[in-house]
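# Examination of the molecular architecture
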Amino acid sequence: MILFLDTLYFACCNFYRKKEPNMFKASGLILMALVFMCNSLFVLFLIQENSLTFKNNELYDMRYYTVSGMMLLLIGLFYFRYFRFIGYDIVYSKINSLGITRKNTLYLFAIIYIIASFISCIGYAIWIGSN
């Protein structure tokens, strides 16, 4: 799981590496947190639409604050992991030390996970809004 998380961070950083040569590590961290925020929003949307008891709960009114707070918590946790404990260079060497097949497979799954997270969250939100 940690290896996939590191590969996800590596893929997010590589997205910004050429566009922002000085800030790609921080931008990759924010993109990674946004991926997890989209996942939590998607789960929240599914619970919201399929549960009548959730709509009568106090958590229903606080759902967007909960997701925003979770995003800030994730940014903090990812910051400590990738800026204080281990750095991008260690993740880069860890990913490149894997075999070419395993590295490409993990990287492909990370890219698919990122794209699927955004598409599922935004697509489901649009579908809910149109109904």
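What comes next is a walk through the structure. (Residues numbered from 1 in each chain as written. Predicted model: local features only at pLDDT ≥ 70, side-chain atom pairs only at ≥ 80, totals over all residues. Heavy atoms only, no water.)

## Here's the deal with the environment of glycine 69
- Among the structural elements, glycine 69 can be located in helix H5 (residues 63-85).
- Assessed through its relative accessible area of 35%, glycine 69 is described here as partly exposed.
- For the pair glycine 69 and methionine 37, spaced 32 residues apart in the sequence, the C-alpha separation amounts to 9.8 Å. (Helix = DSSP H or I, 4+ residues; strand = E, 2+ residues; numbered from the N terminus. Buried < 20%, exposed > 50% of the residue type's maximum accessible area, 1.4 Å probe, protein only.)

## Here's the deal with the side chain of serine 117
- Note on placement: serine 117 falls in helix H7 (residues 100-130).
- Looking at serine 117, the relative accessible area reads 2%, which means it is buried.
- Looking at serine 117, its side chain comes within polar contact range of the main-chain oxygen of tyrosine 113, at 2.7 Å.
- Among all residues touching serine 117, those that are not within four sequence positions of it are Val35, Cys38 and Asn39. (Polar contact = N/O pair within 3.5 Å; in protein donor to acceptor, adjacent residues only side chain to side chain. Contact = heavy atoms within 4.5 Å.)

## So, the packing of aromatic side chains
- On inspection of all chains with the given rule, the structure shows 16 aromatic pairs.
- Arranged with centres 5.6 Å apart and planes meeting at 45 degrees, the rings of phenylalanine 36 and phenylalanine 78 form a pair that is tilted. Of this pair, phenylalanine 36 sits in helix H2 (residues 24-50) while phenylalanine 78 sits in helix H5, and the two are 42 residues apart along the sequence.
- Relative to phenylalanine 80, the ring of tyrosine 79 has its centre 5.7 Å away and its plane inclined at 70 degrees; by these criteria the two rings are edge-to-face.
- With a relative accessible area of 46%, phenylalanine 80 lands in the partly exposed category.
- Grouping aromatic residues by their ring pairs yields a cluster made of Phe4, Tyr9, Phe10, Phe24, Phe36, Phe78, Tyr82, Tyr88, Tyr92, Tyr107 and Tyr113.
- Cation over ring: arginine 17 sits above tyrosine 92, and NZ or CZ is 5.9 Å from the ring centre.
- The residue whose ring lies beneath lysine 19 is phenylalanine 15, and the NZ or CZ to ring-centre distance is 3.8 Å. (Phe/Tyr/Trp six-rings, centres within 6.5 Å; stacked < 30°, edge-to-face > 60°. Lys NZ or Arg CZ within 6 Å of the ring centre and 35° of its normal.)

## Description of the packing of helix H1 (residues 2-16) against helix H6 (residues 88-96)
- The interhelical angle for the contact between H1 and H6, taken along N-to-C directions, is 110 degrees, at an axis separation of 10 Å. Relative to H6, the element H1 lies roughly perpendicular. Note that H1 runs across H6; the crossing there is left-handed. Contacts from Ile2, Leu3, Asp6, Thr7, Tyr9, Phe10, Cys13 and Asn14 in H1 reach Tyr88, Val91, Tyr92, Lys94 and Ile95 in H6.
- Of the residues that constitute the contact of H1 with H6, the class distribution is 9 nonpolar, 2 polar and 2 charged. (Axes fitted to C-alpha atoms, helices over the stretch in contact; angles between N-to-C directions. Parallel < 35°, antiparallel > 145°, perpendicular 65-115°, else oblique. Left-handed = near helix turned anticlockwise from the far one by under 90°. Nonpolar A, V, L, I, M, F, W, Y, C, P; charged D, E, K, R; others polar.)

## Examining the side chain of serine 40
- Position of serine 40 among the secondary structure elements: in helix H2.
- Overall, the relative accessible area of 16% leaves serine 40 in the buried class.
- In this structure serine 40 touches Val67 and Met70, once residues within four positions along its chain are discounted.

## Focus on the pattern of salt bridges
- Summed over the entire model, instances satisfying the criterion amount to 2 salt bridges.
- Linking arginine 81 and aspartate 6 is a salt bridge whose minimum nitrogen-to-oxygen distance equals 3.0 Å. Taken together, the residues arginine 81 in helix H5 and aspartate 6 in helix H1 connect sequence positions 75 residues apart.
- Between lysine 94 and aspartate 6 there is a salt bridge, with its nearest N and O atoms 2.6 Å apart. Residue lysine 94 is found in helix H6, and its partner aspartate 6 is found in helix H1; the two are separated by 88 residues along the sequence.
- In this structure lysine 94 comes out as partly exposed when scored by relative accessible area, which is 30%.
- Look at aspartate 6 and you get buried, because its relative accessible area is 0%.
- The structure contains a network of salt bridges with shared partners spanning Asp6, Arg81 and Lys94. (Salt bridge = Lys/Arg side-chain N within 4 Å of Asp/Glu carboxyl O.)

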